[in-house]
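Structural overview
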Amino acid sequence: MKKVLAAAAMLALSTGPAFAADWQPDGPIRLWIGYGAGGGTDVQARMLAKELEQTRGWILVPENKSGEDGAVMSAQLKNEAPDGQTLGFAITTTYNFAPMNSENISPEDFTYITTTAGSQMAVLARTSSGWKSLDDVKAAAEAGETLVWANWGTQVEAGAEVVARKLGITVNHLRTAGGKGALNAVVAEDANLSWGGGVQRPLVEAGELTILSSAESSHLVQAPDTPTLKEQGIDLDLGYKYIIVGPKGMSDEVRDTIAEAVAEILNNPESETRKFIEKQYPPAPVIETGDALRKTILDGYVANVEMMKALVE
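All residue numbers refer to position in the chain's written sequence, counted from 1. Local features in a predicted model are, by the rule used here, given only for residues with pLDDT of at least 70; side-chain atom pairs are given and counted only at 80 or more, and totals for whole chains, interfaces and linings are based on all residues. Heavy atoms from the whole structure form the basis of all side-chain values; hydrogens and water molecules are not counted.

1. Some points on the sheet that holds strand β5 (residues 122-126)
Defined as follows: DSSP calls a pair of strands paired once it identifies at least 2 bridges connecting them. Runs of H or I in DSSP of at least four residues are treated as helices and runs of E of at least two as strands, each being numbered from the N terminus. Axis angles are defined between N-to-C directions and span 0 to 180 degrees, where every axis is a line fitted to C-alpha atoms and, for a helix, only to the segment in contact.
Strand order in the open sheet made by the five strands is β7-β6-β8-β5-β9, with mixed pairing throughout. Both outer strands of the open sheet, β7 (172-175) and β9 (209-214), are each paired with one neighbouring strand and no more. Neighbour-to-neighbour, the strand axes of the sheet open up by a mean angle of 30°, direction not taken into account. Relative to β7, strand β6 (residues 148-151) is paired through four bridges, and the arrangement is parallel. Looking across to β7, one finds that Trp 149 is bridged to His 173.

2. Let's talk about the pairing of strand β4 (residues 110-118)
Side chains on a regular strand alternate between the two faces of the sheet. Threshold: For every residue, the accessible area (1.4 Å probe, protein chains only) is compared with the maximum for its type, and the residue is labelled buried under 20%, exposed over 50%, or partly exposed between those bounds.
Burial analysis of β4 places nine of its nine residues in the buried class, which makes it a mostly covered element. As paired strands, β4 and strand β10 (residues 241-247) are joined by seven bridges and run antiparallel to one another. Across the sheet, the residue bridging to Phe 110 is Pro 247, located in β10.

3. Looking at the sheet that holds strand β3 (residues 86-91)
Defined as follows: The contact definition used throughout considers only heavy atoms, calling two residues in contact when any of these lie within 4.5 Å.
Taken together, the five strands give an open sheet; going across it, the order is β2-β1-β3-β10-β4, and neighbouring strands pair in mixed fashion. A strand with exactly one partner marks an edge of an open sheet, and here the two such strands are β2 (60-64) and β4. In this sheet, neighbouring strand axes are inclined to one another by 25° on average, regardless of whether the strands run parallel or antiparallel. Where strand β1 (residues 29-33) meets β3, four bridges bridge the pair, whose relative direction is parallel. The partner of Trp 32 across the bridge, within β3, is Gly 88. In the packing of helix α11 (residues 290-312) onto the sheet, the strands contacted are β4 and β10, and the crossing angle to β4 comes to about 90°.

4. A short note on the pattern of salt bridges
Here is the rule we go by: Salt bridge, as used here: a side-chain nitrogen of Lys or Arg that lies within 4 Å of a carboxyl oxygen of Asp or Glu.
Under the criterion given, the structure shown has 18 salt bridges. Put simply, Lys 241 and Glu 288 hold a salt bridge, and the shortest N to O gap is 3.0 Å. Here Lys 241, found in strand β10, pairs with Glu 288, found in the loop between α10 (272-280) and α11; they are 47 residues apart in sequence, far enough to count as distant. Among the ionic contacts, a cluster of salt bridges with common partners joins Asp 252, Arg 255 and Asp 256.

Put into structure tokens, the structure is as follows:
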């Protein structure tokens, strides 16, 4: 808890103006992606890189640096100069959960620039399983079926354990490379359950996967009649946002110029990045910056600390 309070105190020290000055990058910008190729983080990052070149003339060079919920990338990012020439693209979990399990990063190591989209977090199973709800999963486990839950990181694995304990069942955990890896594991029958943050949409539309529950605070756009975990008595919300960050110490001018350049793209109805977000992470982009974004990170960190405490009690 001392670490949480220290993070809150350090992050509260930096505040920024409402509008950015006219900063320009000095050559290509390295855009490090905290997850593997093909997932929602990777696709968004590469689309944004292309459109920032079109709108601002900036050259961004995307590079995947996956591992440990984005912590591998972030541990390298924190040591870079805070000049806007090296950015990270990950999810809020990277900064409000991963630091609890890492000696290499803490929430105050970064400048939080902007979010781009919100998740559509779901519990998923193969449609061929016949399962339509968590009650069906419980019944299968009680009938002797071995359950394997595909997880891309420590937080979602902890969440899977929370769900399993609430249902009174046992699950085995399979660690995958990113959200797409988790879906691939279910489709390939290496696992029979997984989380999906939004990239599951085409597989659900094709009838290959079924949404068993929303893991957000509200119902999912793709499954409006499917209950949330909280509605089923499981006090868990694993929703997250996609986020662009830089090293600690980035000036307000640099931070806000980058945030405004991204917002210009996301607010454009003709933007390919926006269209992708509207389809995969409906209904629209989620743009959060400044103090509100720092508060989101800190509040999420506190909530995740409490979740982990509950697991070990």
